[in-house]
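Chains, contacts and geometry: an overview
Here are the chains, one letter per residue:
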Amino acid sequence: MALDQVRGSRLLDTLALMAPGTPLREGFERILRGRTGALVVLGNNRAVQEISTGGFALDVAYTPTALRELAKMDGAILLSDDIARIVAAGVQLMPDAALPTVETGTRHRTADRTSRQTGVPVVSVSASMSTIALFLDSERRLVENSEQILSRADQALQTLERYRSRLQEVTRRLSVLEVEDQVTIRDLAIVAQRLEMVRRLDLELSGYVVELGTDGRLLSLQLHELSAGTDELRQQLELDYRPADPDSVFSLSGLEALSTTELLDPHAVSRALGYGAGEHLDTRIAARGYRQLAQINRLPGAYSARLIDHFGSLQAVLGASSAELQEVEGVGESRARIIREGLTRLAESAYS
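This text gives an overview of the structure that appears in the document.

What counts and how
- Residues numbered from 1 in each chain as written.
- Predicted model: local features only at pLDDT ≥ 70, side-chain atom pairs only at ≥ 80, totals over all residues.
- Heavy atoms only, no water.
- Helix = DSSP H or I, 4+ residues; strand = E, 2+ residues; numbered from the N terminus.
- Rg over C-alpha atoms; globule rule 2.2 N^0.38 Å.
- Areas by Shrake-Rupley, 256 points an atom, 1.4 Å probe, with all protein chains shown as cover.
- Lys, Arg positive; Asp, Glu negative; His and termini not counted.
- Charge placed at Lys NZ, Arg CZ, Asp CG, Glu CD.
- Salt bridge = Lys/Arg side-chain N within 4 Å of Asp/Glu carboxyl O.
- Buried < 20%, exposed > 50% of the residue type's maximum accessible area, 1.4 Å probe, protein only.
- Core = buried A, V, L, I, M, F, W, Y, C linked by side-chain atoms within 4.5 Å.
- Contact = heavy atoms within 4.5 Å.
- Phe/Tyr/Trp six-rings, centres within 6.5 Å; stacked < 30°, edge-to-face > 60°.
- Lys NZ or Arg CZ within 6 Å of the ring centre and 35° of its normal.
- Pairing = 2+ DSSP bridges.
- Axes fitted to C-alpha atoms, helices over the stretch in contact; angles between N-to-C directions.
- Parallel < 35°, antiparallel > 145°, perpendicular 65-115°, else oblique.
- Left-handed = near helix turned anticlockwise from the far one by under 90°.
- Nonpolar A, V, L, I, M, F, W, Y, C, P; charged D, E, K, R; others polar.
- Expected span 1.5 Å × (residues − 1).
- Polar contact = N/O pair within 3.5 Å; in protein donor to acceptor, adjacent residues only side chain to side chain.

1. Quick look at the overall build of the protein
What the protein contains, in helices and strands, is 16 helices and eight strands. Expected size for 352 residues packed as a compact globule is a radius of gyration near 20 Å; at 28 Å, the protein overshoots this value by more than 25%. Projecting the C-alpha coordinates of the protein onto the three principal axes gives extents of approximately 85 × 45 × 35 Å. On the protein, roughly 18000 Å² of surface is accessible, and the fraction owed to carbon and sulfur atoms is 49%. Here the protein contributes 39 positively and 48 negatively charged side chains, and the mean placements of these two sets differ by 5 Å.

And the structure:
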């Protein structure tokens, strides 16, 4: 896993602990309402112990009210790694002063340097600014309230709806071209491009759901509805268009590394898919038929694979007679009729 992905995962995991409705978030909000700041270390490894002086050991169960009361004193509060216990309070943290930081306030500078030196998430609650700041992996993340997050999430959700609609349009067009055997690399690149755009917005909205905690239930349901079927579409496209060459690196996952500007360039998309720079966008490619056959009701995926293994391509399956279909293992007269009728409906739908 790439370093950025690891950091992103750590950040989301930590934000989930601090999401609205969690005991930790309730404790921070109590501190804000009481107009007293706080410095809270979310972990107690050896590196934290080495830079901690003074204070007093507690080792008591964590509660929001206990955190609020302990925040009235000077010094940092140390929590256990699982955030289930308050390990110590009134602690003076002495991280390496040589560590770089752009923070100005004493509490924020200490939080930043402590997190950099120990690798543990540190939270600084500012009474004067009424903010909660999370320091993790050399970054500062402001913990926003639900209204601010929902405002951004609503905009992203509307954009996802438009992108999903456009994805459906280009996918339907691809279906027509597959039936006509007129698919080019450009046509596949356009579908892959839209699918990656939907994936990125889905990922962004999933982060909002995590940050919202109990306030994100409705957003989660809407996101689930809009994202339904995209993973299956990705898998089917890879099965349909992966070259027969076993050394081929064809994969839609290559698009994840593209910048937004590159993603809008069909040439960059085709190269990220695995096509060589010398292959023209208008080069014809043929679909095997996994995606089309998946649309036939009452046809298990195992039979789709057998049909494609037997006939080799969608065009060959479309042209097969009922008798030829019965030559496939497990396909009897009844199932052959279902397949034939399903293929006829797919062709009629494409042409209509």
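2. Focus on the pattern of salt bridges
Using the criterion set out here, one finds 17 salt bridges in the structure. Across the salt bridge formed by Arg291 and Glu178, the nearest N and O atoms sit 2.9 Å from each other. Taken as a pair, Arg291 in helix H12 (residues 290–293) and Glu178 in helix H6 (residues 146–180) lie far apart in primary sequence, 113 residues in all. Since its relative accessible area comes to 5%, Arg291 is described here as buried. Within this structure, Glu196, Arg199, Arg200 and Arg234 form a network of salt bridges that share partners.

3. Considerations on the nonpolar core
Counting 41 residues, the largest nonpolar core has Leu205, Leu237, Tyr241 and Leu273 as the members making the most contacts within it. Mapped by element, the contributors of at least two residues to this core are H6, helix H7 (185–212), helix H8 (217–227), helix H9 (230–241) and helix H11 (266–273). Ranked by residue count, the leading element in this core is H7, at 13 residues. If sequence neighbours within four positions are ignored, Leu237 has contacts with Leu174, Leu188, Val191, Leu195, Phe250, Leu252 and Arg291. Core analysis: the next-biggest nonpolar cluster, separate from the first, contains 23 residues, Ala71, Leu79, Ile83 and Leu134 among them.

4. Looking at the packing of aromatic side chains
What the rule picks out here adds up to one aromatic pair. A centroid spacing of 5.7 Å and a plane angle of 70 degrees characterise the contact between Phe250 and Tyr275, whose relative ring orientation is edge-to-face. Linking Phe250 in the loop between H9 and helix H10 (260–263) with Tyr275 in the loop between H11 and H12, this pair joins segments that are 25 residues apart in sequence. For the residue pair Phe250 and Tyr275, the accessibility class agrees, reading buried in each case. Over the face of the ring belonging to Tyr163 we find Arg194, whose NZ or CZ atom lies 6.0 Å from the ring centre.

5. As for the side chain of Ser115
As for its position among the elements, Ser115 is in helix H5 (residues 106–118). Judged by relative accessible area, Ser115 falls into the buried class, the value being 4%. The contact partners of Ser115, leaving out residues within four places of it in the chain, are Val120, Val122, Phe135, Leu136 and Asp137.

6. Some words on the pairing of strand E8 (residues 139–143)
Of the strand pairs in this sheet, strand E7 (residues 131–136) and E8 are connected by five bridges, and their pairing is antiparallel. Within E8, the position partnered with Phe135 by the bridge is Arg140. The hairpin turn running from E7 into E8, its antiparallel successor, is two residues long, and Asp137 in that turn takes a positive phi close to 50 degrees.

7. Some details on the packing of H7 against H9
At a closest axis distance of 11 Å, the pairing of H7 and H9 adopts a crossing angle of 150 degrees. The orientation of H7 relative to H9 falls into the category roughly antiparallel. As for how H7 packs across H9, the hand of that crossing is left-handed. Residues Leu188, Val191, Leu195, Glu196, Val198 and Arg199 of H7 lie in contact with H9, whose contacting residues are Thr230, Leu233, Arg234, Leu237 and Tyr241.

8. Thoughts on the packing of H6 against H9
At a minimum axis distance of 13 Å, the contact between H6 and H9 shows a crossing angle of 30 degrees. The pairing of H6 with H9 is recorded here as roughly parallel in orientation. The chirality of how H6 crosses H9 is left-handed. Taken together, the residues of H9 that come into contact with H6 (itself represented by Arg164, Leu167, Thr171, Leu174 and Glu178) are Thr230, Leu233, Leu237, Asp240 and Tyr241. Taken together, the residues of the contact of H6 with H9 sort by class into five nonpolar, two polar and three charged.

9. Some points on H7
The first and last C-alpha atoms of H7 sit 41 Å apart over 28 residues, in line with the 40 Å expected at 1.5 Å per residue. Looking one or two residues beyond H7, the residue adopting positive phi is Gly213, at roughly 60 degrees.

10. Comments concerning the side chain of Ser80
Note on placement: Ser80 falls in the loop between strand E4 (76–79) and strand E5 (85–93). On the basis of relative accessible area, Ser80 is assigned to the buried category, the value being 12%. Engagement of the side chain of Ser80 in a polar contact is seen with the backbone nitrogen of Ala84, the distance being 3.3 Å. Setting aside residues no more than four positions away along its own chain, Ser80 makes contact with Leu42, Gly43, Arg85 and Val87.

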